Amino acid sequence: MEAGAQDHIVRFENVQKSYDGETLVVKNFNIDIDRGEFLTMLGPSGSGKTTCLMMLAGFEPATHGEIYLNGQPINNVPPHKRGIGMVFQNYALFPHMTVAENLAFPLKVRGMSKADSDAKVKRALEMVRLPQFGGRRPAQLSGGQQQRVAVARALVFEPDLVLMDEPLGALDKNLREEMQFEIKHIHESLGVSVVYVTHDQSEALTMSNRIAVFNDGIVQQLAAPEVLYEQPENSFVAQFIGENNKLSGTVTAVDGETAQVTLKSTGDKVAALAVNCGGKGDETLLSIRPERIIIGDENAPNKMSGKVVELIYLGDHIRCRMEVGDSNEFIVKVPNSHAHAALKVGEVTPVGWVTEDCRALDMI
Amino acid sequence: MSDTTAQSGPMLAADGTPLKVSLARALRRQKLRALMLIAPLFLFIVITFLAPIGDMLFRSVENAIVPDTLPETVAVLADWDASSEEAPGEDVFTALHADLLIAAEEKTHTRLGSRLNYEMPGISSLFRKSGRKVDDMTPGNYKEQFIAIDKDWGNVDVWRTIKRFSGDYTAGYFLASIDAKIGHDGFEFVDEDQRIYLFLLWRTIVLSVAITLTCTILGYPVAWILANLPLRYSNLLMILVLLPFWTSLLVRTSAWIVLLQQQGVINDTLVAIGLVDDLNRLELMHNQTGTIIAMTHILLPFMILPLYSVMKTVSPSYVRAAKSLGANDWTAFWKVYFPNTVPGIGAGAVLVFILAIGYYITPELVGGTSGIFISNRIAYHISSSLNWGLAAALGVVLLSMILILYWVYDKIVGIDNVKLG
Ligand SMILES: Nc1ncnc2c1ncn2[C@@H]1O[C@H](COP(=O)(O)OP(=O)(O)OP(=O)(O)O)[C@@H](O)[C@H]1O
Ligand SMILES: [Mg+2]
């Protein structure tokens with residue numbers, strides 16, 4: 001074990017997982033999770049997020065590789081000895097116990113005295129702002145209240161690490177946003193490490209210190225939210241996080257950081273950041289965020305022409321769908337300001353971008 | 001909401017009628033239509049099930065045969081003092097002669113004889129004998145002539161019995177069904193060596209409880225495996241559980257006879273591997289062991305199915321949550337999984353117990369004398385002794401006992417806690 005491993009509360013090393021012995025659900029998973037970090041696993045459905053969480057919690061064995069908790073390999077430690085708190089997608093509150101009994105359960109199995117456990121349960125209920133609900137059954141609570149009880153139960157025995165598997169999946173949008181804030185707040189005030197699973201990217205972006213984007217059993221990119229959004233390393237991440245315009249082309253030259261690309265559909269020659277585009281002659285997918293497009297400026301760099309197909313008024317900005325090259329899904333967000341002349345549907349206007357805002361990525 | 005609750009009195013519909021009334025009117029047509037749909041089944045059940053059973057149960061108190069066959073005798077006998085140590089006088093015997101003449105004509109006197117024979121052995125032959133000879137009697141001096149036919153006519157006890165059972169209704173069958181009778185001094189239990197029904201009733205309950213327990217213990221793990229196996233395997237296993245339903249009950253019971261008898265498969269195997277001495281073969285049949293084994297097998301599916309359907313609804317994440325909270329396998333099972341399956345145990349136990357307590361064929365075939373149930377006795381009275389009144393009374397006792405146990409169960413466990421899925 002290398003020195004400094006103690007800084008990482010969790011470490012996955014070349015972990016693979018297969019359920020049926022034929023396909024790998026998790027292909028080669030490596031991650032270091034820092035103490036006190038809020039790390040989110042984000043990915044489409046079926047990409048293996050829950051599987052990774054289950055391996056960490058001990059409910060599924062890893063087919064290959066090693067998982068370390070606090071520097072100790074835990075492949076052979078049964079779940080109840082791992083001391084990891086867990087919030088399940090459907091909360092899994094015990095229906096035959098009251099809220100207070102649910103919260104006292106982890107304390108009772110640890111042999112804590114009734115007085116101590118009562119005090120802790122009370123504090124935990126206060127933390128999630130449900131102090132008067134201890135006597136109720138889970139079925140008598142609303143979805144959001146159940147969710148808070150589930151969080152309190154996972155935290156009441158003071159674990160260093162809490163796993164949350166899409167804990168807000170069943171809630172409506174308003175409540176979800178409120179709960180996101182609450183969970184984030186609890187994380188900050190307690191200093192626990194959280195591994196959080198979601199397939200809602202805005203949830204991931206607002207809550208996390210770092211996000212691991214999952215697809216196809218591997219981590220596509222592991223980075224802070226702003227890095228993921230602004231510097232995606234491949235086309236999957238660019239597509240998955242936020243809105244994205246893509247144009248396909250062929251690399252004609254790579255010059256240091258910059259790549260010269262000829263667009264397939266129009267033959268325009270443009271420049272982009274060479275991130276993940278191979279060398280001369282390779283196919284590439286250019287990725288530009290809608291808010292970085294310069295519209296209506298004849299002198300813009302990397303200028304092309306586009307035709308306005310649809311305009312949607314959204315108050316602070318206008319969402320403009322354009323036909324550029326062979327794509328008619330080219331989105332431009334035009335700030336609603338005097339500097340921008342009113343656009344009309346059917347109008348042909350120049351579009352362009354600063355080279356640094358356009359990333360040449362792999363073909364999917 | 002606030003403006004409607006603000007006004008006092010019941011809520012009104014737009015036309016001023018109370019909302020409840022107009023709602024009921026609106027729903028009436030719907031209800032009628034729903035009733036029409038179930039009407040055929042309802043009629044079928046009433047005609048073929050409820051009415052016959054009601055009629056049958058009515059026989060447990062019905063006693064019309066005595067006043068119907070001996071109308072005049074009963075009327076005159078009312079004046080006779082039953083506590084006197086002397087047989088009734090000439091007037092009663094005159095009436096008896098008149099009644100018996102008609103009865104012998106219609107041949108109802110033998111049925112009356114067997115009815116009264118339940119209450120006092122010997123009366124049956126008394127009536128048969130007298131019925132044959134009543135035609136030859138000369139007018140006058142009937143008391144003497146009757147006593148000449150059979151001196152039992154002078155026995156006060158015969159007349160007491162007739163008087164006691166001269167009403168249209170009787171509690172005699174019910175008393176008999178709990179080993180009691182109205183004797184000369186009122187309520188008393190029958191002699192120790194004649195008591196049978198209370199004991200049988202007790203044995204029926206004890207054996208049914210034992211069968212319910214073995215079914216629970218054996219069925220729980222099977223249901224658990226069924227509920228947790230991948231669908232492919234659990235379907236196969238489910239077919240195995242249901243397989244017994246595809247064969248007739250008689251065949252299954254007979255199979256147990258083949259297995260359990262002293263020269264049967266189980267004993268042969270035990271002898272062959274040397275566990276049991278050939279001369280001391282186990283008595284697995286014609287006793288309570290046989291009844292318990294065979295009935296546990298036959299009733300097991302009724303425990304497994306409700307348990308299975310309840311276990312199916314217990315999310316596996318409960319156990320996982322318990323383990324992640326620090327509970328070991330046993331605690332997670334006992335504190336979290338098991339309490340959530342109790343409704344299934346409740347449903348299965350009620351089902352098995354109620355089926356067991358009324359079971360008939362299996363105890364009859366493998367139970368011997370020590371393993372039979374109260375229902376075997378009921379069947380005996382229905383088909384062999386033809387004492388339908390007693391059979392009906394025993395049936396009512398059995399039924400009310402089940403209802404009482406059901407009530408107790410509801411008090412202790414709560415019937416809301418029973419779930420079939
Ligand atoms: N118990 C299991 N047996 C067999 N295959 C499984 C099992 N659990 C999951 N899988 C498969 O593994 C893959 C990954 O599943 P996983 O539950 O990890 O996805 P996920 O990323 O959590 O998806 P979601 O966002 O929908 O929850 C899926 O293709 C799924 O079908
Ligand atoms: Mg999942």
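Residues numbered from 1 in each chain as written. Chains lettered and ligands numbered in written order. Predicted model: local features only at pLDDT ≥ 70, side-chain atom pairs only at ≥ 80, totals over all residues. Heavy atoms only, no water.

Focus on the overall build of chain B
And then number 1: Assigned secondary structure in chain B consists of 20 helices and two strands.
And then number 2: A compact globule built from 421 residues would reach a C-alpha radius of gyration of about 22 Å, whereas chain B, at 31 Å, exceeds it by more than 25%.
And then number 3: Its C-alpha atoms put chain B at 100 × 90 × 40 Å along the principal axes.
And then number 4: Counting only contacts in chain B whose residues sit at least 6 apart along the sequence, the fraction spanning at least 24 positions is 68%.
And then number 5: Put simply, chain B shows about 23,300 Å² of open surface, and 65% of that area lies on carbon and sulfur atoms.
And then number 6: Positive and negative charge centroids in chain B, built from 32 and 37 side chains respectively, lie 16 Å apart. (Helix = DSSP H or I, 4+ residues; strand = E, 2+ residues; numbered from the N terminus. Rg over C-alpha atoms; globule rule 2.2 N^0.38 Å. Contact = heavy atoms within 4.5 Å. Areas by Shrake-Rupley, 256 points an atom, 1.4 Å probe, with all protein chains shown as cover. Lys, Arg positive; Asp, Glu negative; His and termini not counted. Charge placed at Lys NZ, Arg CZ, Asp CG, Glu CD.)

Description of the confidence of the model for chain B
Residue and element names in this part refer to chain B.
And then number 1: Per-residue confidence for chain B gives a mean pLDDT of 88, with 96% of residues at or over 70.
And then number 2: Within chain B, the lowest mean pLDDT, 45, falls on helix H1 (residues 2-6), and the highest, 94, falls on helix H11 (residues 197-228).
And then number 3: A low-confidence stretch, residues 1-6 (pLDDT under 50), is modelled with one contact involving residues beyond four sequence positions or located in other chains. (pLDDT = per-residue confidence, 0-100.)

Description of the packing of aromatic side chains
Residues and elements named next belong to chain A.
And then number 1: One pass over the full model with this rule turns up 20 aromatic pairs over all chains.
And then number 2: Centre to centre, the rings of phenylalanine 94 and phenylalanine 105 are 5.1 Å apart; their planes meet at 70°, and the pair counts as edge-to-face. Taken together, the residues phenylalanine 94 in the loop between strand S6 (84-87) and helix H2 (99-109) and phenylalanine 105 in helix H2 connect sequence positions 11 residues apart.
And then number 3: Note on phenylalanine 105: relative accessible area 5%, which makes it buried. (Phe/Tyr/Trp six-rings, centres within 6.5 Å; stacked < 30°, edge-to-face > 60°. Buried < 20%, exposed > 50% of the residue type's maximum accessible area, 1.4 Å probe, protein only.)

Structural notes on the interface of chain A and chain B
Reports of interface size often rely on the accessible area that becomes lost once the parts have come together.
And then number 1: At the junction of the two partners, chain A supplies 21 residues and chain B supplies 17 residues.
And then number 2: In total, about 1,700 Å² of surface goes out of reach between chain A and chain B, with carbon and sulfur atoms giving 68% of it.
And then number 3: Scanning the region where chain A abuts chain B turns up one salt bridge.
And then number 4: Among the salt bridges present, the one from arginine 320 of chain B reaches glutamate 60 of chain A, with a minimum N-O distance of 3.8 Å.
And then number 5: The interface formed by chain A and chain B includes four residue pairs in polar contact (both at pLDDT 80 or more).
And then number 6: Mapped onto the side of chain A that touches chain B, the elements with two or more residues apiece are S6 and H2 of chain A.
And then number 7: The element contributing the most residues to the side of chain A that touches chain B is H2 of chain A, with three residues.
And then number 8: Here the side of chain A that touches chain B is composed, by residue class, of 15 nonpolar, three polar and three charged. (Buried area = accessible area lost by both parts, 1.4 Å probe. Salt bridge = Lys/Arg side-chain N within 4 Å of Asp/Glu carboxyl O. Polar contact = N/O pair within 3.5 Å; in protein donor to acceptor, adjacent residues only side chain to side chain. Nonpolar A, V, L, I, M, F, W, Y, C, P; charged D, E, K, R; others polar.)

Details of the packing of helix H17 (residues 329-357) of chain B against helix H20 (residues 388-412) of chain B
Residues and elements named next belong to chain B.
And then number 1: Relative to each other, H17 and H20 sit at 165°, their axes nearing to 11 Å. In terms of orientation, H17 and H20 fall into the roughly antiparallel class. Of the two possible hands of crossing, H17 and H20 adopt the one that is right-handed. Side by side, H17 and H20 meet where Gly346, Ala347, Val350, Phe353, Ile354 and Ile357 of the first sit next to Leu398, Met401, Ile402, Leu405 and Tyr409 of the second.
And then number 2: Within the contact of H17 with H20, the residues separate by chemical class into 10 nonpolar, one polar and no charged. (Axes fitted to C-alpha atoms, helices over the stretch in contact; angles between N-to-C directions. Parallel < 35°, antiparallel > 145°, perpendicular 65-115°, else oblique. Left-handed = near helix turned anticlockwise from the far one by under 90°.)

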